[in-house]
Amino acid sequence: MVLLHVLFEHAAGYALFAVKEVEEIGMLLPQVEESVLSLAKFNSMVSLAAFFPFKSAQAALENMNTISEGVVHADLKLFLETNLPLSGKKKAVLGVSDAKIGAALQEEFSLSIQTGGVVAEITRGVRLHFHSLVKGLTAQAASKAQLGLGHSYSRAKVKFNVNRVDNMIIQSIALLDQLDKDINTFSMRVREWYGYHFPELIKIVSDNSMYCRLAQLIGNRKELSEESLESLEEVVMDNAKAQAILDASRSSMGMDISPIDLINIERFSSRVVSLAAYRLELQEYLRSKMGQVAPNLAALIGEVVGARLISHAGSLTNLAKYPASTVQILGAEKALFRALKTRGNTPKYGLIFHSTFIGRAAAKNKGRISRYLANKCTIASRIDCFSEVPTSVFGDKLREQVEERLSFYETGDVPRKNVDVMKEAVKEATDVAAEIKRKLEKKEKKRKKREKKLQELQANGETNGEAEVENGEADTPVVKKKKKKQAAEEMEVQAEEAPAAENGAEETPGKKKKKRKAEAEEEAAITDNGAEETETPAKKKKKRKSEAPEEEPAEETPETPVTEKKKKKKKKEAAE
């Protein structure tokens, strides 16, 4: 009976392999390493016992996620229960490549699990010849399954990374520390470089960024005068210092400097000034980010110290998992292990020493207050990590407790009980969370309303555009007809004026013709008005204006008052 079985997790599914002659294989490890490369030799040692293909890519991703976390999935449990011989005189040995999943399987099935040694070599051979050992699976299909699962697994890890929010805090605090070092180094370089020309300035101005701004402003010290006193005051923010700089420039012992050297010093000092300005912006960004990610920790211990704790722990989740004793000495690991090695006194505090509380405490109370502060930091980090709506209520209350404990050490005033403080904090936090949720709901409603309005406007714009196109197509033949009528009327009027000039006796028939034409035009206008009653008043006005030039030839005749009366009557009838 085969005793050793090897479990192999592939992107296509779970496979269980039966290993023959376990004892011989265990004894001849170098031969196993050589035989793994040959498929024929490997087939003589290993045979496929069972294969469980995944139903879909989603199922494969779920199984891989559970395996990576060291948890036995329901599919894997069913597969092993069905195919692994659990009953018998000798218990079966299951070989697993990962010790984490091996421990989980041992708890689930009470099996003897084997990892490393022969199992590692057999797993290597299975990985190499897997597509040949499983029937119906080609090398191309196996590589496609691996690629697809790899992409989906990586995407899911990036998407559901619980530490992704505090990554920005870790990077920004690291950059802030690096900027502090760089600005300090560059400022010392500017001091040394510009000190050749104006050595007295170093004693007057001690601040690095201010010195760099003054070096950029002054340039050649010989050009300083009473007029530049105001600009010096703006930088130094002190009238006495500005006057001292001016006096020192007149009696300076520094060497003369060439213009090209001054240009280089000014350029370098401007870079240092811009770096200092960027550092202030970065600190503001870190403050706002800490207010979003860990508001309670920031309220309790400060943004910079809280960010350093998160960075040192690796993430906010890791910091929340640490006990208070670990948080207390976080950052003092070297001192701790040195003390343990030499059997000396262990350190009382690590990174939390930079908070104001420990500095304010007396020497004999520093250890006590650091222990108390670490306890409160642990509570704040856990609240920040696992709360849905981030608020700084708990952080403010915890800070008040630390202040009360400090005053208790100094004066003996008994602080409030933790239960009472936490009850107040819970009440305030629920109110604040409800207010934040209400504001978020309002914002969501407003956003949805805007989207609806935009959709409606877009839909209306499309329908209006179609209607305008149709109206334009309908109006074009009417305009053409009117133009033709105007041209015909002009021709007839010209033809009638010529015989009228020759024979004055023939005026009466010309007038009759004009009357008939005017009546025909009026009838055409009435029909147009009847068809366009549904249109807007603005369009009617436009049409009246367009009809006005058409009536100009008729106005030349003496019969104009008659036509106007008729038009008025017709308009009244149409309105009724």
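Provided above is the structure to which this section pertains.
Residues numbered from 1 in each chain as written. Predicted model: local features only at pLDDT ≥ 70, side-chain atom pairs only at ≥ 80, totals over all residues. Heavy atoms only, no water.

Asker: Looking at this model, I keep getting lost on the overall build of the protein chain. Mind explaining?
Answerer: Helix and strand content of the protein chain: 27 helices and five strands. Across the 576 residues of the protein chain, 34% fall into the buried class. When contacts within the protein chain are restricted to residue pairs at least 6 apart in sequence, those whose partners lie at least 24 apart make up 66%. Working note: accessible area of the protein chain is about 36000 Å², and carbon and sulfur atoms make up 54% of it. (Helix = DSSP H or I, 4+ residues; strand = E, 2+ residues; numbered from the N terminus. Buried < 20%, exposed > 50% of the residue type's maximum accessible area, 1.4 Å probe, protein only. Contact = heavy atoms within 4.5 Å. Areas by Shrake-Rupley, 256 points an atom, 1.4 Å probe, with all protein chains shown as cover.)

Asker: Even after reading the chapter, I still don't get the environment of Gly 302, so can you show me in this structure?
Answerer: Mapped onto the elements, Gly 302 comes out in the loop between helix H15 (295–301) and helix H16 (303–313). Sequence-wise, Gly 302 and Thr 356 are 54 residues apart; in three dimensions their C-alpha atoms are separated by 9.0 Å.

Asker: So what exactly am I meant to see when it comes to a nonpolar patch on the surface here?
Answerer: Together, Trp 193, Tyr 196 and Met 255 make up an exposed nonpolar region whose accessible area comes to about 330 Å². Note on placement: Met 255 falls in the loop between helix H13 (239–250) and helix H14 (259–293). On the accessibility criterion, Met 255 (49% relative accessible area) is partly exposed. (Patch = residues over 30% accessible without salt bridge, like charges linked within 9 Å, V, L, I, M, F, W, Y side chains within 5 Å. Salt bridge = Lys/Arg side-chain N within 4 Å of Asp/Glu carboxyl O.)

Asker: Teacher, can you tell me more about the nonpolar core here?
Answerer: Grouped burial of nonpolar side chains is what soluble globular proteins tend to show. Membership of the largest hydrophobic core comes to 46 residues, with the highest contact counts inside it found for Met 290, Leu 297, Leu 300, Ile 301, Ile 310, Leu 319 and Leu 373. The residues contacting Met 290, other than those within four sequence positions of it, are Ile 169, Pro 295, Ala 298, Glu 303, Gly 306, Ala 307 and Ile 310. (Core = buried A, V, L, I, M, F, W, Y, C linked by side-chain atoms within 4.5 Å.)

Asker: Please clarify how the pattern of salt bridges should be interpreted in this entry.
Answerer: Pairs can form between side chains of opposite charge once their charged atoms are near each other. Within the structure shown, the criterion is met by 18 salt bridges. The partner of Arg 279 in a salt bridge is Asp 180, with the nearest N and O atoms 2.3 Å apart. With Arg 279 in helix H14 and Asp 180 in helix H9 (residues 167–195), this pair connects stretches of sequence that are 99 residues apart. Overall, the relative accessible area of 19% leaves Arg 279 in the buried class. Each of the salt bridges in this network shares a partner with another, and the network as a whole consists of Lys 397, Glu 400, Glu 404, Arg 416, Glu 424 and Glu 428.

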